[in-house]
Structure formats: structure tokens, C-alpha cells
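# Structure assessment
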Amino acid sequence: MTATMKLVSSVRRLGCVLAFCFLALFLWGLPVARALDNGLAMTPTMGWLHWERFMCNVNCQEEPDSCVSEKLFLQIAEIMASDGWKDVGYEYLCIDDCWMAPERDSEGRLQADSKRFPGGIRRLANYVHSKGLKLGIYADVGNKTCAGFPGSFGYYDIDAETFADWGVDLLKFDGCYCDSIKHLADGYKHMSLALNRTGRSIVYSCEWPLYMWPIFKPNYTEIREYCNHWRNFADVYDSWQSIRSILDWTTSNQERIVPVAGPGGWNDPDMLVIGNFGLSRDQQITQMALWAIMAAPLLMSNDLRHISLEAKALLQDKDVIAINQDPLGKQGYRLRKVQ
Ligand SMILES: *[C@@H]1O[C@H](CO)[C@@H](O)[C@H](O)[C@H]1NC(C)=O
Ligand SMILES: *[C@@H]1O[C@H](CO)[C@@H](O)[C@H](O)[C@H]1NC(C)=O
Ligand SMILES: *[C@@H]1O[C@H](CO)[C@@H](O)[C@H](O)[C@H]1NC(C)=O
């Protein structure tokens, strides 16, 4: 049995718990809408993102090994390059919220917290690039980031230029502290164009539809013209309940979101939490299989310095990754629900 078949059969065994059956999509027929024209994310982005595992831990005094700091990213970069992660495709090392200093500098530019990132982002980017990897960073379309650090509202151009200048390769742009749908849409579009004007290739990861849903149904054709991937639903947590709620949301909305996915633009069901504490072995296998079938960005959030051999083998399974990275880029969908 190939690893893929083993995964599929494990998923089948979980049938009564899971109650889902996905199939690769061939018949959805519609031509995929125009994608953001930056030549990036032609297959789903693969990498690592600190949020689910390390969250906003800024306490480097008491927890020097698990606070959001330069040291953490240097160590993860080293491991991504040396432990086979880069070789199977995990390329983007991504910083989430809580990297910033509480204030902009005297020229209005964002700056990293100088205690936790003494070398600044540029030096970190240089190191990450020297390992053959790419660096992702985080900012917010509104007045503050979700954790309360400076937002990009009013600073979209200067922030895009700052990121390009530092050598950043991906921007995750959050949607907290944004007071209207118009500011949200205008802000996401403005930043997309600002990134383009820098001339640097920067993957643009949006949360635009997530913040739009409560007010009205997003226009995914439009979002795809501006973003390389977009979050639709709440943050993932390290629990089966969270994974299930994401799958439930995805299948309930599949007619709206599946047709729009394809090379250059993807639905983002959030991070892989494989290798942490909350999922059983079968549940970890299920997340890997379904994220692959959903053509989801594969952004792990775990501690690569301390990960079981089993979780590592699952995350590095080349057959499953090949399904996720299929160049056709058709997102699988639920064919029927098994009770
Ligand atoms: C900017 O957009 C144009 C098309 O609108 C595209 O040809 C170009 O490659 C883009 N540049 C970058 C750096 O994304
Ligand atoms: C940011 O705050 C200013 C001042 O309170 C407000 O006018 C503006 O609409 C806010 N912007 C967003 C995106 O919420
Ligand atoms: C959605 O956006 C596309 C592209 O911007 C536009 O052509 C289309 O009319 C929009 N659809 C709706 C229902 O507004």
C-alpha cells in the first residue's frame, strides 16, 4: 500500500466520526477567475507559521525558548533547511503577530521589538535566505494588529516599501481594528497594489473574506484578483473540534469557494497543527489528507525542534504533498456525507 492509500484508508476508518468524503474536482467546469498577477503561489504555499503554537508569547525572560523572537526563527530556519523540510517543499518561514515594537519609528516605519529581534528583520531575512528559505511577515489592514501593535491603516505604501526593503517574501495581512467594510476592501486592495509597486515578489496572504462574512457575502472573484490566498473562517486550534468546524464550514460553503481556487489563488483553512498535543494519530492523518485534498496552503505551526518521528514522517509524506501541489490546482470537495 502506498502512503497515500494508507492515508485514504485511515480517513475511511474514521468515516463515522468524520462523515466526509472528498473527491478531486474535475466536473466543476467553470474557468477559474483571474488570479493576482504576481506569478506567485502557482501551487499552494508551503512553510511554517508561528501563531498556533507560540501565539503572542513575548515573555523572553521566563520562556526564552518559546517566546516570539529572532532566536526562535533562527532555530526553526536552521531545522527547516537541515531536517528535510525544505527538501519536500516547506519553504516559507513566517512570522505572525507580536513581532513589532509598540510604536513606529520617527519616520513612521514599522520596527521590530529591539529586545526580541536585536538584529532586526533585515538580518533575519538574510539568514533565512542564506538557508535557501523565504521569510514571511505579518501586519494588519486596520488601526492595530489583533494583539494591539501598530496597524497599517494610513501607512500601506510605507509598510509595503519597508517589507520589500527588508527582503520579506510573504505578507500575512490581518483584518482587526477595521471599522468598516469599505476600509477593509479598500485596504486589502491598496496593500496588494502597494506590494506590486515595490517590484519585489511578495506572496499576499489575506483575511479579507473572514472579516467580511459577518456583514455580507464576499465576492471571491474580486478577492482572487488581489490575494494569493485568503482565510475564510476562524483560527485553527490544536483540537479535533477546531479541525471539524473548519471542515464543516468548508463543505457548507463549497459551491461558493471551491470553483475560485486555482493556480495563483487559494482558500486558506489555516495552519496544520500536526506535531502538537491535541490531535490523535488518526486525527493528524486526517488533517494532512484533507488539507492536501483541499489544495490548502500547508503552513505548519508546531515546534520543529521537538517533534515526533511519526508527525515528521506524516508532514513530509511526499505522496500526500504531491496531491496538494498538483499543478492543475483543483480543490477537492465533499461528494457525499456518510452517516
Ligand atoms: C505587478 O503587476 C503587473 C500586472 O499588473 C505584473 O505584470 C507584475 O509582474 C507585477 N509585479 C510584481 C512584483 O508583482
Ligand atoms: C482608524 O482610526 C481613525 C481615527 O479614529 C478612524 O477615523 C479610521 O476610520 C480608523 N480606520 C479603520 C480602518 O478602522
Ligand atoms: C465581483 O467582482 C468581479 C471582479 O471585480 C466583478 O466583475 C463582478 O461584477 C463582481 N460581482 C458582484 C456580484 O458584485
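Parameters at a glance
- Residues numbered from 1 in each chain as written.
- Chains lettered and ligands numbered in written order.
- Predicted model: local features only at pLDDT ≥ 70, side-chain atom pairs only at ≥ 80, totals over all residues.
- Heavy atoms only, no water.
- UniProt positions renumbered as here; feature names shortened; annotations may be inferred.
- Helix = DSSP H or I, 4+ residues; strand = E, 2+ residues; numbered from the N terminus.
- Expected span 1.5 Å × (residues − 1).
- Buried < 20%, exposed > 50% of the residue type's maximum accessible area, 1.4 Å probe, protein only.
- Near = heavy atom within 4 Å.
- Polar contact = N/O pair within 3.5 Å; in protein donor to acceptor, adjacent residues only side chain to side chain.
- Areas by Shrake-Rupley, 256 points an atom, 1.4 Å probe, with all protein chains shown as cover.
- pLDDT = per-residue confidence, 0-100.
- Contact = heavy atoms within 4.5 Å.
- Core = buried A, V, L, I, M, F, W, Y, C linked by side-chain atoms within 4.5 Å.

As recorded in an unreviewed UniProt entry, the protein chain goes by the name Alpha-galactosidase, listed as coming from Eschrichtius robustus. Under the UniProt heading Sequence similarities (unreviewed entry), the note attached to the protein chain is "Belongs to the glycosyl hydrolase 27 family."

Let us now look at helix 13 (residues 281–293). Compared with an ideal rise of 1.5 Å per residue, which puts 13 residues at 18 Å, helix 13 spans 19 Å between its outermost C-alpha atoms and is within 8% of the ideal. Most of helix 13 is tucked away: 10 of the 13 residues are buried. For helix 13, the complete set of buried residues consists of Q283, Q284, I285, T286, Q287, M288, A289, L290, W291 and A292. Of the residues trailing helix 13, A295 is marked for its positive phi of about 50 degrees.

The environment of ligand 3 is made up of N219, E222 and E225. Residue N219 places a side-chain N or O atom 2.4 Å away from an oxygen atom belonging to ligand 3. Here ligand 3, which alone exposes 360 Å², has 32% of that area covered by the protein.

Before going further, it helps to spend a moment on the confidence of the model for the protein chain. On average, the protein chain scores 93 in pLDDT, and the residues at 70 or more come to 91%. For the stretch residues 8–27, pLDDT sits under 50, and the model shows 47 contacts to residues farther than four places along the chain or on other chains.

Time to look at the nonpolar core. If you look at the biggest cluster of nonpolar residues, it comprises 98 residues, and the most contacted ones within it are Y90 and W99. Here this core takes 7 residues from helix 8 (residues 181–198), the largest share from any one element. Setting aside anything within four residues of it in sequence, one finds Y90 in contact with M46, G47, M80, W85, L133, L272, M288, L298, M300, L315 and I321.

In this section: unusual backbone geometry. A positive phi angle, close to 85 degrees, is found at C98, a residue other than glycine. Here C98 is to be found in the loop between strand 3 (92–94) and helix 6 (120–130). Its identity as a non-glycine residue notwithstanding, A295 has a phi of 50 degrees, on the positive side. Owing to a relative accessible area of 4%, A295 belongs among the buried residues under this scheme.

This part takes up the environment of M80. Considering the arrangement of structural elements, one finds M80 in helix 4 (residues 70–82). For M80, a relative accessible area of 0% gives the class buried. Remark: the alpha-carbon pair of M80 and D303, spanning 223 residues in sequence, is separated by 11 Å. In this structure, M80 is in contact with G47, W48, W85, K86, Y90, E91, Y92, L93, L133 and L304, ignoring residues within four places of it in sequence.

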